[in-house]
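# Overview (structure and organization)
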Amino acid sequence: MTVLVTGATGHTGRHVVAGLKAAGVPVRVLVRDPAKAPEGVDVVQGDIADPGEAAEGVDAVYLLWPFFTADGIEKAVKPFKGKKIVYLSAMSAEDGGVWGDVEAAIEQVTDDWTFLRVTGLATNALAWVPRLGTGVVRAAHGQAKRSVVHERDVAEVAVKALTEDHVRQTYLVTGPESLTQAEQVRLIGEALGKPVRWEEQPPEEAKAELIPHLGAEFAAGAVDYWASLVEDPEPVSLDVARVTGHPARPFAEWAREHFS
Ligand SMILES: NC(=O)c1ccc[n+]([C@@H]2O[C@H](COP(=O)([O-])OP(=O)(O)OC[C@H]3O[C@@H](n4cnc5c(N)ncnc54)[C@H](OP(=O)(O)O)[C@@H]3O)[C@@H](O)[C@H]2O)c1
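Residues numbered from 1 in each chain as written. Predicted model: local features only at pLDDT ≥ 70, side-chain atom pairs only at ≥ 80, totals over all residues. Heavy atoms only, no water.

The protein chain has the name Nucleoside-diphosphate sugar epimerase in an unreviewed UniProt entry, where Amycolatopsis rifamycinica is given as its organism.

If you want it as structure tokens, here you go:
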């Protein structure tokens, strides 16, 4: 079988490529810039919104949908009709939204789907990098408790789903613990070998800062969601352990890998 990996230059996709190669599975990647493509794979230049020829001859796809709306999803998934689709989704898909709309579109084209519903990626913490040098991360809702997951764990679950029988399975893909955002910052400081502390930012200021990156609706949604996690933490799931055979990696390990 040949597997098409989208987002192959990104955080999860690069590990999906590595995991498939290690398993001896032929890989094709769909990239916007072939100069950034990983080594030792078939490279097709294109856009996720219009995969076209990249889908020809592949049996399965690791699919990311890196857009803020599901506009155009029907066209994007049509070339994968009847094929295996492993989609990097979000826990919020259960309430609809863009991730729910993408899942629904996938169900229309194939019965062989696996949805990896992530609570939050540990890589979200990279947004704090510009402030780490100051020793103070100023952001909203430091007491929000999240179960962020290491990108390697997401990728390992994806490789299992792509190479084994996980048909019509929806996995809740989380880290092994619920950690406040302030605790995440403290652990990054430990990995760096210098203290970093959280400074609480008023929610409206945080929304204004995020609008250029996420747009007004997603920026407000993100900050309001963190507010909700102060009282109502993200769940911790055992699906990573069930699928991969080992516990999900703790955030401290992620921090050491990225900052030591
Ligand atoms: N952050 C979270 O907490 C969270 C939670 C749930 C789900 N998710 C999902 O996870 C996704 C991010 O996954 P990730 O962290 O593995 O990726 P990432 O590191 O954010 O990188 C995005 C990848 O998508 C590629 N890409 C972006 N737009 C593209 C386009 N129009 N055509 C082709 N390729 C395109 C990028 O390629 P280039 O190298 O060309 O830029 C890059 O490889 C999000 O889109 C979201 O749907 C995230």
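Let's shift gears to the domain arrangement of the protein chain. Per the domain assignment, the segments of the protein chain are domain 1 (3–117) and domain 2 (119–150 + 174–235 + 245–260). Between domain 1 and domain 2, the C-alpha centre-to-centre distance is 26 Å. Facing 7 residues of domain 1, the contacting portion of domain 2 comprises 9 residues. Where domain 1 meets domain 2, there are 0 salt bridges. The interface formed by domain 1 and domain 2 holds 0 residue pairs in polar contact (both at pLDDT 80 or more) in total. Each residue belonging to the side of domain 1 that touches domain 2 can be placed in one class, and the counts come to 4 nonpolar, 2 polar and 1 charged. (Domains from an automatic or database assignment. Contact = heavy atoms within 4.5 Å. Salt bridge = Lys/Arg side-chain N within 4 Å of Asp/Glu carboxyl O. Polar contact = N/O pair within 3.5 Å; in protein donor to acceptor, adjacent residues only side chain to side chain. Nonpolar A, V, L, I, M, F, W, Y, C, P; charged D, E, K, R; others polar.)

A word on the environment of glycine 46. Within the secondary structure layout, glycine 46 lies in the loop between β3 (42–45) and β4 (60–63). In this structure glycine 46 comes out as partly exposed when scored by relative accessible area, which is 26%. The spatial distance from the C-alpha of glycine 46 to the C-alpha of valine 31 is 5.8 Å, given a sequence separation of 15 residues. When residues no more than four places from it in sequence are discounted, the contact partners of glycine 46 are Leu30, Val31 and Arg32. (Helix = DSSP H or I, 4+ residues; strand = E, 2+ residues; numbered from the N terminus. Buried < 20%, exposed > 50% of the residue type's maximum accessible area, 1.4 Å probe, protein only.)

This part is about the site of the ligand. Of all residues adjacent to the ligand, which total 23 residues, the nearest are Thr9, Thr12, Arg32, Lys36 and Asn124. Within the side chain of arginine 32, one N or O atom sits 2.8 Å away from an oxygen atom of the ligand. Within the backbone of isoleucine 48, an N or O atom sits 3.0 Å from a nitrogen atom of the ligand. With the chains in place, 80% of the 940 Å² that the ligand exposes on its own is no longer accessible. For the shell around the ligand, the secondary-structure elements that each account for two or more residues are α1 (11–22) and β5 (84–90). Looking at the shell around the ligand, its residues break down into 11 nonpolar, 9 polar and 3 charged. (Near = heavy atom within 4 Å. Areas by Shrake-Rupley, 256 points an atom, 1.4 Å probe, with all protein chains shown as cover.)

Right, let's talk about the packing of aromatic side chains for a bit. Aromatic ring pairs are described here by two measures, namely the spacing of the ring centres and the angle between the planes. Tallying each qualifying case throughout the model produces 8 aromatic pairs. Look at tyrosine 87 and phenylalanine 115: their rings are 6.2 Å apart centre to centre, the planes differ by 90 degrees, and that puts the pair in the edge-to-face class. Of this pair, tyrosine 87 sits in strand β5 while phenylalanine 115 sits in strand β6 (residues 113–118), and the two are 28 residues apart along the sequence. Each member of the pair, tyrosine 87 together with phenylalanine 115, is buried. Judged by centre distance (5.6 Å) and plane angle (90 degrees), the ring pair of tryptophan 128 and tryptophan 198 falls under edge-to-face. In this pair, tryptophan 128 sits in the loop between β6 and α4 (129–132) while tryptophan 198 sits in strand β11 (residues 197–200), placing the two residues 70 residues apart along the sequence. (Phe/Tyr/Trp six-rings, centres within 6.5 Å; stacked < 30°, edge-to-face > 60°.)

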